[in-house]
Amino acid sequence: MILKLLITLKRLTNNQTLLLYRFAFHRISEQQERLNHLIMLYQKTICLLLSFVLCSSMVFAQERLGLQTDNYAGINGANLNPASTALTPLKWDVNLIGAGAYVNNNYAYLSNTSLLHLLRNTDKVELSNNINQEKVNAPDAITLDFFDNRQQKFAHIDATVMGPGIRVAIKDKAAIGLFTRARAVVGADDIPSSLGYYQYLEQAYNDEFGVSPFKANGMVWAEVGANYATRLSKKTNYGWSIGGNVRYLQGYESFFVDNNIAIDVSKLSTDSLAFAKGEVNYGYASQIPALIGNEGSYQLQKLGSGVAADIGIMYASPNKNDDGYNWKVGASLLDIGRIGFNKSAQQHSLSPTENFDFSTNPFEEVNTSEELFQQVSEQVLGDELASLQGEKLNMNMPLALNLQAEFAAGKNFFVNAMTTQQLSNGKTGLERPNVVAITPRIESKWLALSAPLSWNQGDFQLGTALRLGTLTVGSDNIMSVFKKQTAFNGSDVYVSLKIQEFGSKSQRNKNKRGQLDCPKVERLF
């Protein structure tokens, strides 16, 4: 599919190329509206005011470090480590709404722009004259271009909208909570450099080039979850805690492509390729393909369901007064589970026993996704139905391991170190980007400021997050938001609005007589 797209782009006229870009931009906006409908199914009590135009402009966040590592994160902290809800000093908290998403790639970029500049100048986006050599770009144009290097390619999107959620402490030792979320995850790793836009175009005819194994997948779903966490020590407010989340999932869209073994390919012409035998598996569960070539509007439908779980453990070493901690460590296993799709789903496998030629010419008459897959099967296997393996699809969640360590460096000052590492999860398993971060943080109950420094996909990023009262806003890559970049290839923002217990004292700091002492962590502001 990627090779076909590259060939097609090469053959387009100047106007067709620009129209294709505008069409793609428009389709992304349509996807945002569909995701809004998905959220409203779970959150009928609120009006979702978030504009997903941000998504089409690469506005995404990954781990939301300034939001989820805060001691007052409450129910939002359960998404990173379910055990953390037993250690927060709040008696209760309620999440009203929040959003965070993340995108990063090394395939394409926009020139000389930042997130805010892009949002103010979307009408100035043009294809680069490197792609359309007959066009002269305006001096202030924001040009879309492709990276020209020999690096393996990757692309990741992880978007979350957090709906209503609540956490309540139980007898100052445990906590229970409920939360709702809608999520969209798309990922591709280890895409061979030979499939880079310019690298492919520069390949000489009849010269073989290798396509190494890679996979890509994505899914959109909604979930309702329950959290429970408890401290194991009866003698201290801190010590060991364990916790878990159990989530019910509803799946709406998904796809996967898995190239199992290296394949040798050669270009025969602008519209045909020669392949050595190999093995490629792919599939989808979606309402969108049924609309290709047909009139009709998209209707969001539940195509599958499943369950998932998260488990976590934490240890916090109490200080001598037991009104704070000196340091803490934690580990959690995230997104254990899967969604089974049994509606509008197909799985295909291509395992030719001999070399074959592949031409894009027959696809000019294709009008539906069914015809598309049948044509692929006919060319590769000699039978239009041979590739179809079934009409069900199981998609595994983005399984990952999270490790944290935090040191109380001074009154109201903390330094958090964290890493999230994706774990192998099968050919249909979603992938979560790896990240390593160090986050210094000044924190009180009603005000917090953090500056996470993270390493992500080979790049160092500086973030900033501010919690003012019950509103948190931040970015794990703040430079991409404000400073123009020569090659803008991603950005992120996140926001959360919640309510929590009022007053200056919290449930963590009760002495033996049942009276409340003001904790040190709240004296700075």
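This is a predicted model, so every value here is computed, not measured. What you see as residue numbers is a count from 1 along each chain, following the sequence as written. Confidence filtering applies because this is a predicted model: local features only for residues at pLDDT of at least 70, side-chain atom pairs given and counted only at 80 or more, and all residues used for totals across whole chains, interfaces and linings. Only hydrogens and water are removed before side-chain values are computed, so all heavy atoms of the structure are retained for them.

**Brief notes about the packing of aromatic side chains**
Paired rings are identified among Phe, Tyr and Trp, the last through its six-membered ring, by centres lying within 6.5 Å, and are further divided according to the angle between planes into stacked (under 30 degrees), edge-to-face (over 60) and tilted (the rest). Scanning all chains against the criterion turns up 14 aromatic pairs. Ring geometry for Tyr 107 versus Phe 146: centroids 5.6 Å apart, planes at 85°, classification edge-to-face. Of this pair, Tyr 107 sits in the loop between strand S1 (92–105) and strand S2 (108–113) while Phe 146 is found in strand S4 (residues 142–146), placing the two residues 39 residues apart along the sequence. Accessibility expressed as a relative area gives 14% for Phe 146, which makes it buried. Centre to centre, the rings of Tyr 109 and Phe 147 are 4.7 Å apart; their planes meet at 45°, and the pair counts as tilted. With Tyr 109 in strand S2 and Phe 147 in the loop between S4 and strand S5 (153–162), this pair connects stretches of sequence that are 38 residues apart. A relative accessible area of 17% means that Phe 147 is categorised as buried. Grouping aromatic residues by their ring pairs yields a cluster made of Tyr 107, Phe 146, Tyr 197 and Tyr 198. For a ring to carry a charge above it, either NZ of a lysine or CZ of an arginine must fall within 6 Å of the ring centroid while also lying within 35 degrees of the normal to the ring plane. Over the face of the ring belonging to Tyr 200 we find Lys 267, whose NZ or CZ atom lies 4.8 Å from the ring centre. Runs of H or I in DSSP of at least four residues are treated as helices and runs of E of at least two as strands, each being numbered from the N terminus. For every residue, the accessible area obtained with a 1.4 Å probe (protein chains only) is divided by the maximum for its type, and the residue is called buried under 20%, exposed over 50%, and partly exposed between those limits.

**Things to note about the environment of Gln 152**
On the secondary structure map, Gln 152 appears in the loop between S4 and S5. As for Gln 152 and Tyr 107, which are separated by 45 residues in sequence, their C-alpha atoms are 9.1 Å apart. Apart from residues lying up to four places away in sequence, Gln 152 is in contact with Asn 106, Asp 190, Ile 191, Ser 193 and Ser 212. Whether two residues touch is decided by their heavy atoms; if any such pair falls within 4.5 Å, the residues are in contact.

**Focus: the pairing of S5**
In terms of residue burial, S5 counts as a mostly covered element, since eight of its ten residues are buried. When DSSP finds at least two bridges between two strands, those strands are taken to pair. Relative to S5, S1 runs antiparallel, the two being bridged by eight bridges. Within S5, the residue paired with Ala 99 across the bridge is Val 161. Relative to strand S7 (residues 174–191), S5 is paired through nine bridges, and the arrangement is antiparallel. Its bridge partner being in S7, Thr 160 is matched across the sheet by Arg 183.

**Points about empty space enclosed by the protein**
Here a cavity denotes a set of grid points, spaced 1 Å apart and computed over the protein atoms alone, in which a 1.4 Å probe fits but from which it cannot get out, and a pocket denotes an open set meeting protein on both sides within 12 Å along at least five of seven lines; residues with an atom within 4 Å of a point are reported as lining. Grid points are joined across faces, edges and corners, and a volume is the space filled by probe spheres set on the points. Counting across every chain of the model gives six cavities of 30 Å³ or more. Around the largest cavity, the lining is made up of 20 residues, and of these Thr 69, Asp 70, Asn 71, Ser 84 and Lys 328 lie nearest the centre. Within the residue set of the lining of the largest cavity, elements represented by two or more residues are strand S14 (304–318), strand S15 (325–341) and strand S20 (400–410). Residues are sorted three ways: Asp, Glu, Lys and Arg are charged, Ala, Val, Leu, Ile, Met, Phe, Trp, Tyr, Cys and Pro are nonpolar, and all the rest, Gly among them, are polar. For the lining of the largest cavity, the class distribution of residues is six nonpolar, eleven polar and three charged.

**With respect to the sheet that holds strand S17 (residues 356–359)**
Read from one edge of the open sheet, four strands run S8-S11-S12-S17, paired in antiparallel fashion. In this open sheet, the two strands that pair with only one neighbour each are strand S8 (208–211) and S17. Along the sheet, successive strands turn relative to each other by an average axial angle of 30°, direction set aside. Axis definition: a line fit to C-alpha positions, over the contact stretch in the case of helices; interaxial angles, taken between N-to-C directions, run 0 to 180 degrees.

**With respect to the confidence of the model for the protein chain**
Residue-level confidence of the predictor, termed pLDDT, takes values from 0 up to 100. For the protein chain, per-residue confidence averages 81 on the pLDDT scale, and 81% of positions sit at 70 or higher. Here residues 1–61 is a poorly scored stretch, pLDDT under 50, and it has 118 contacts once near neighbours within four places are set aside; other chains count. Counted against residues more than four places away or in other chains, residues 509–525, with its pLDDT under 50, gives 36 contacts.

**A look at the nonpolar core**
Each nonpolar core is a collection of buried residues, namely Ala, Val, Leu, Ile, Met, Phe, Trp, Tyr and Cys, held together in the definition by side-chain atoms within 4.5 Å. Counting residues in each nonpolar core, the largest one holds 22 residues, and the members touching the most others are Val 211, Val 265, Phe 275, Phe 358, Val 376 and Val 380. Mapped by element, the contributors of at least two residues to this core are S7, S8, strand S9 (214–231), strand S11 (263–269), strand S12 (272–275), strand S13 (280–285), S17 and helix H7 (369–381). No other element matches the four residues that H7 contributes to this core. Discounting residues that sit within four places of it in the chain, Val 376 has contacts with Tyr 282, Leu 350, Phe 358 and Phe 363.

**Some details on the side chain of Asn 416**
Relative to the helices and strands, Asn 416 resides in strand S21 (residues 413–422). Here Gln 404 takes part through its side chain, which lies 3.1 Å from a polar atom of the side chain of Asn 416. The term polar contact refers here to a pair of N or O atoms within 3.5 Å; inside protein, the definition further demands a hydrogen-donor-capable atom paired with an acceptor-capable atom, and it admits residues adjacent in sequence only when both atoms are side-chain atoms. A distance of 3.0 Å separates a polar atom in the side chain of Asn 416 from a polar atom in the side chain of Glu 406. In this view, Asn 416 contacts Thr 69, Gln 404, Ala 405, Glu 406, Ala 437, Ile 438, Thr 439 and Arg 441; residues no more than four positions away in its chain are not counted.

**Here's the deal with the sheet that holds S4**
Strands pair in a sheet through their backbones, by hydrogen bonds, and they do so in one of two ways: parallel or antiparallel. Reading across the sheet, the four strands line up as S3-S4-S2-S28 and stay open at both edges, with mixed pairing between neighbours. Two strands bound the open sheet, and with one partner strand each, they are strand S3 (125–127) and strand S28 (485–488). Within this sheet the neighbouring strands show an average axis-to-axis angle of 30°, counted without direction.

**Overview of the pattern of salt bridges**
Should their charged atoms come close, side chains of opposite charge can pair. Between Lys or Arg on one side and Asp or Glu on the other, a salt bridge is scored when a side-chain nitrogen of the former is within 4 Å of a carboxyl oxygen of the latter. A full pass over the atoms with the stated rule returns 15 salt bridges. For the salt bridge of Arg 441 with Glu 443, the shortest nitrogen-to-oxygen distance reads 2.8 Å. A residue is classified by how much of its surface remains accessible, and Arg 441, at 1% relative accessible area, is buried. Taking relative accessible area as the criterion, Glu 443 reaches 0% and is therefore assigned buried. A network of salt bridges, in which partner residues are shared, links Arg 181, Arg 183, Glu 223, Arg 247, Asp 310, Asp 335 and Arg 432.

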